[in-house]
Structure formats: structure tokens, C-alpha cells
Amino acid sequence: MILGLSCSHNATACLIDDHSGEVKYCASEERFTRRKQEWGFPDNSLRYALSHVAPAHHISAVAVGETSNQRFATAAFAEFLNLAPYAERDALLRRKSALLSIFLGEAAGRLSGRSHDLRALLAQKLRGLGIDASIRYFDHHHAHAAAAYYGSPFPRALVITLDGEGDGNMGSIWHGQDSTLICRKRFPARQSLGLFYKMITALLGYRVNRDEGKVMALAMRGDSNRYYAELASFLKMRSSGGQCTVYSPAAALLVDGWSRHNLSLLRAFGHLGRTWRAQSWESLWNAILQHEAEILFAPVGLPPRAQRDWTWQTGIAAAAQRLITECTVTILSEALSQDPESAVAAAGGLFANVCVNRSILESFPGISLYVHPGMGDEGLAFGAAAQCFADCQTEAAFRPVMPHVYLGPPPTQHLHDPLPRGDHTWTAASEDDLAAVVARAIAAGRVAGICRGNMEYGPRALGNRSILAHPGLAQLPAALNKRLGRSVFMPFAPAVLDCCMDEIFDAAYLDEARLATKYMTLAIPVAPAWRERLAAVVHDDGTARPQRLDAESNSFLHKLITCFLKETGLGCVLNTSFNRHGEPIVRTAEEAYMAWQARAVDILVVGQTCYARESMEPFGARSTTATMVRCPA
């Protein structure tokens, strides 16, 4: 087995069979610690993999999706900044004297010239788990590119990566053919589109690395012309001699002072007051970035916070969205002009933005697009392992295989005791019966939580850890957002039968979007005739972010929606991730059951068992053709 690791934000472990190339396991640390976008070494995810997938002595190689070649004056500072999970950081932050001691020790060590290797710390952690295999380190964007290319079915493709920052770069362009990846260009981190968007997120008062999706949702409601000229001075494209360069002062600010690879201790000590008041690392980091954003964007004439109304928020978000879209399209246009291809594979956090992905297909007719389902830093684990596998092959066409994303733990693996059974608990005799029961419940206006099969890899819930509901109930989004603790303007997405895609969506590029829509990574215009019928899943700009579904992708969800189609005439359901806002997607049956007890959902499906709460009223009127099924004891 080849072990792939991501040890930055969204730490992840991945296992690839070193003979067949098949991905056997991939899961993020956040699902185990219950801290969203968990940082550091994926200790819990890796321990699970070693216990349930392959023991330590079966690991033939370790591949890390980052060069990890930084040196620090003290091991304590290196551990704290790079490998410690949020809980350890928070505990240290609350012990102010201990935190101060670590920073002062690092400052003194830098003056005296002491040096500690981050790679040595990683090797030590692996040896502590019984892993003695050789370790290979891959550049951050090389790992992203490998995830994009080897995760795709394309025999050859142009590969693009764009994110905030990693190993000194914000993006790269590659050419992939058979089992070979060749880098064409890299974009320095000081030009970062992702860091610009991060500072916009902070300016709007949202949490960085978490709420960028909220900024995208706000952008759909705003006028991009209102603040475009003002923000354009903070993100510009310059072309010279056929080469494009990005100008991003927001990125330069963060890279020069706040990168963990280039942390300015003097700048950090300037925020000592905020550090002393903070109770969590994430709240401290966001307070610092919001302060820096206020200073950075002050020249545009920011109104006082009390006057930053809805129009201002949506206008800033829309202008920022337009700018990063224009820059992405320009970068890709230049790359395609130099390396014409009919297929593009993409990875990196920027491609979590489904509106940018839509613009790519609109801007380049005939281009097929694949966005890696783990497009963020969770994808570094798979990408590093995939490149390690490809490097060992003698046959040019022999590549890693990722046929689906259901690569995490099953819920039953963590059941210590049977879940309680009640008056409305029912165990289905077959998957067909269960699908029919849940479909009728959803048709009647109930909200169902699904926790069955292996957990999805990546940020999207694709039927195994999903909340499902009726897509045609216009009042449902506001009520469900309130129930899940989400902002009222956050949209929902549909899971759509493949046979219904052409009727529901109105875009000339549906064939080219087949791969991107499989993993819910693309917004597509909904046909006008369907927008009111699917009011709960259509965005304000008339688009939706579908999961295209066939029977092979997820047989249970396909059967459920087929039953729902017979009940309602709608070949799709609302599909959102099974979690409250700010929490990771549920992993275990216990977590799903607790969410049901907390009334996040009306119906809970764990394996073949259905739990129902008959006393809860549905969001919409009961269907005239179906009533809520009472699950017998």
C-alpha cells in the first residue's frame, strides 16, 4: 500500500494499492475530530486506516503532498505551527505563558541560528505508528495536479491548479498524458487569486477557509458593477509577450507576513492584545485577518461597519467573484493557446467555486471539464499517493484508479451499542423497500438524513451522508437553513437522475459537464420552465449545482429518486450535507442519530433501518398522492 498524507488544513490520509493502483481509503481528519477543516497531522484518520484497511507493515511507501522542507529554530514551534490539531492549538492559546514561551523561544533560536527540520518531525510521527517505509515529498501544486489528472479518466489533458498558497505558489499549469505529468508554468503565491478571495471573506466579516461559499452565494444576489472598479485595483491581470501575470496586493500582504512558511514574528507580536483575548486559534486568526483586511481595503472608502448593508455586502461579493472568474478564464485561455487540449482537469481550493467552473465551460466551447471531487487540500493526500504510484509504473497507460468517492469508513464500523429503537423504527427487508419508504416520506414534505455505506471523500455529500428533501417546496430553504443553523441566503443543491438532466438544465455544454456534475462541482442554468418547479434548489441567478446520478454511482440514491419521480413527477431531490452549519459531515451512526434527536431531520436512515418522528410537521403540504409512512416497531 502507498500511504498519501495531507498535513495542512483539511488533513487527510489516503491508501492506494501499490499493485492495482486502486484507491482503498481516503478520509479527512475533520470527520474524526469534529473540527471542520482540521489542521495538522491526520492522526485519527491514519490510525483508522491502519486498523481497518491495511496494517503498518503493509505500507510500502509514504507520499506527502507538500515539500515540508521548512526549517524552524525550535521543534516546539515547528510542531505548533504545522502539525498540531486545533484542539492542541486552542489549549496552548489559553495557556498564555506557554504560548508566549514558544514564540520567544523561536525568536531567540532564530537569532542564535538553531534549526529543526519539519521532515524529521513527520518521520518521527510515522515511526510512532509503526510505519518505517520510505517517505517521498511532492510539491503542493504537483500533488494538486496529480489529483486532478489521475483522478480523471482523460488519457491526456491540460491540468490547472489554483488555490490560496502552497509551497510558495498559488497555481500551476501542467500537461498530462498517460502516466506522465509535465509542468508548464507556476504562479507565485504573491499573485494569489485565492488569497484575494480570502481577504474579501474577512472583509465581509466571515470566517476564512470556511465561509468562502457564503461569499459566492452573496455574489449571486449582487450587482458586480457597483464596486468592480474599486476592487479591480486589488486584483489585476497584466499580459506581456503572451505571458499573463496577476497583481494581487492582498496576496502579497499575506505571503510576506502571515504565511506559515514565512511567518513574521514581529508582525505576530503586533497582535499580542488580540492573542491575549482569544480563546481559540480560529477566532484569533479571523480577528487578525479582519483587522488586516480593514487596513488593506481602506483606500476604496469603506463605510462604517454599521452602514455595511445588504447591498454593500452583495455588491462587494459580486465584484470579487467577477474578478477571480475573469482572472481564471484569462489564465486558462493563455494555457490553452500554448497547449491546445479538448479536456481540462482542475484542482485546488479555488475550484470549489462552482460559478468559476461554470464560466470555464461557457468560455471554452467543446472543452470537457473534470474538477477533482477533493479539490481542496484534502486532495493532496490522494494526489501525492497517485503520483508516487505513477512514478513506479513501467507501462505508460497504467494509472491509479478512483472509480468513486465512497472511500471513507462505513457507519456500522463504529457502533459500540445498538441504536435505540422506538415506536416508529422500521428495518427494511431490501434496499428497494427502503428507497420507496424514504421517497414517499420526502414527497410528503419530510426531511430525511441518510447515513449508510462508506463515507464520501471530499467536501460534497453525494448520497451516503446526505440530507434529502423535496426540491419543489419554495418555503423549505429558509426553514431548513434555520434548522441547520445556516445563513438564510445559503442555497441548496439537487441530486438529479441522469435521464432528466437534459430536460431540467438549459446549457449547450451538458455533455462536456458530465464529469463535473457527477461530483456536484458545477453550477448550470436551469431551464426557465423548471425554475419554479424546483424552487428549493435553484440559485438566485437561475442556476443550480447538480449531482448527476446514474445507477452505478449510488444505487440506493438512484432507486430513491426513481421512486420520488413516480410520486411527484420530479426526477431529483434536494441533497445537502448531513451536518449542522460549521460542523463536519457526520461519520458514524451515533453522530447521525444525535442529529436526528436534535431534530435536524425528520427521518433517519442508518443502514437498512429507518427512524421516523411522526410528531414533526412537514415543511410543505402533504402530497395528494402519498402520505407519511408510519414505520412500525
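Refer to the structure presented above.
Residues numbered from 1 in each chain as written. Predicted model: local features only at pLDDT ≥ 70, side-chain atom pairs only at ≥ 80, totals over all residues. Heavy atoms only, no water.

*Asks:* Any details on the overall build of the protein chain? Residues and values, ideally.
*Replies:* Along the backbone of the protein chain there are 24 helices and 24 strands. With the C-alpha coordinates of the protein chain rotated into their principal frame, the extents come out at 75 × 60 × 55 Å. Out of the 633 residues in the protein chain, the part that is buried amounts to 63%. Taking the contacts inside the protein chain whose residues are at least 6 apart along the sequence as the reference set, 73% of them involve residues at least 24 apart. Accessible surface, the protein chain as shown: approximately 23,000 Å² in total, 51% of it carbon and sulfur. (Helix = DSSP H or I, 4+ residues; strand = E, 2+ residues; numbered from the N terminus. Buried < 20%, exposed > 50% of the residue type's maximum accessible area, 1.4 Å probe, protein only. Contact = heavy atoms within 4.5 Å. Areas by Shrake-Rupley, 256 points an atom, 1.4 Å probe, with all protein chains shown as cover.)

*Asks:* Just give me the short version of the side chain of Arg358, but keep the residues and values in it.
*Replies:* As for its position among the elements, Arg358 is in helix H16 (residues 354–363). A relative accessible area of 15% places Arg358 in the buried class. In this view, Arg358 contacts Tyr509, Leu522, Ala523, Pro525, Asp541 and Thr543; residues no more than four positions away in its chain are not counted.

*Asks:* How would you sum up the pattern of salt bridges? Please name residues and give values.
*Replies:* Tallied over the entire structure, the rule returns 30 salt bridges. Glu282 serves as the salt-bridge partner of Arg35, at 3.0 Å between the closest nitrogen and oxygen. Of the two residues, Arg35 sits in the loop between helix H1 (30–33) and helix H2 (43–52) while Glu282 sits in helix H14 (residues 281–296), which places them 247 residues apart along the sequence. Judged by relative accessible area, Glu282 falls into the buried class, the value being 16%. The partner of Glu294 in a salt bridge is Arg308, and the shortest N-O contact between them spans 2.7 Å. You can see Glu294 sitting in helix H14 and its partner Arg308 sitting in the loop between H14 and helix H15 (310–338), a full 14 residues away along the chain. You can call Arg308 buried: its relative accessible area is 13%. Residues joined in a network through salt bridges with shared partners are Arg35, Asp90, Arg210 and Glu282. (Salt bridge = Lys/Arg side-chain N within 4 Å of Asp/Glu carboxyl O.)

*Asks:* Can you explain the sheet that holds strand S23 (residues 603–606)? Please cite residues and give values.
*Replies:* Think of a sheet as strands paired side by side through backbone hydrogen bonds, with each pair either parallel or antiparallel. Taken in spatial order, the eight strands of this open sheet run S15-S24-S23-S16-S17-S22-S18-S21, and their pairing is mixed. Sheet topology places strand S15 (425–427) and strand S21 (547–549) at the edges, where each strand pairs with a single neighbour. Each neighbouring strand pair of the sheet contributes to a mean axis angle of 25°, computed without reference to strand direction. (Pairing = 2+ DSSP bridges. Axes fitted to C-alpha atoms, helices over the stretch in contact; angles between N-to-C directions.)

*Asks:* Lay out H14 with the relevant residues and their values.
*Replies:* The terminal C-alpha atoms of H14 lie 22 Å apart, and with 16 residues this matches the ideal 22 Å at 1.5 Å per residue to within 8%. Taken together, the buried positions of H14 are occupied by Trp281, Glu282, Leu284, Asn286, Ile288, Leu289, Glu292, Ala293 and Leu296. (Expected span 1.5 Å × (residues − 1).)

*Asks:* I'd love a proper account of the environment of Gly109, names of residues and values included.
*Replies:* Positionally, Gly109 belongs in helix H5 (residues 96–112). The class of Gly109 is buried, set by a relative accessible area of 0%. Sequence-distant contacts of Gly109, defined by excluding residues within four places in its chain, comprise Ala73 and Arg114.

*Asks:* Explain the pairing of strand S4 (residues 61–64) residue by residue, including any values.
*Replies:* Judged by which residues are buried, S4 turns out to be covered on both faces: Ala61 and Ala63 on one side and Val62 and Val64 on the other are all buried. Sheet topology note: the strand S1 (residues 2–6)/S4 ladder contains four bridges and is parallel. Counterpart to Gly4 in the pairing with S4 is Ala63. Pairing analysis gives four bridges linking S4 to strand S7 (residues 134–137), with the strands arranged parallel. From the neighbouring strand, Val64 faces S7, where its bridge partner is Tyr137.

*Asks:* Tell me about the packing of helix H8 (residues 193–203) against helix H9 (residues 212–219), residues and numbers included.
*Replies:* Their axes nearest at 9 Å, the elements H8 and H9 cross at an angle of 80°. In terms of orientation, H8 and H9 fall into the roughly perpendicular class. Residue-level inspection shows Tyr197, Lys198, Ile200 and Thr201 of H8 in contact with H9, the latter providing Glu212, Val215 and Met216. In the contact of H8 with H9, the residues fall into four nonpolar, one polar and two charged. (Parallel < 35°, antiparallel > 145°, perpendicular 65-115°, else oblique. Nonpolar A, V, L, I, M, F, W, Y, C, P; charged D, E, K, R; others polar.)

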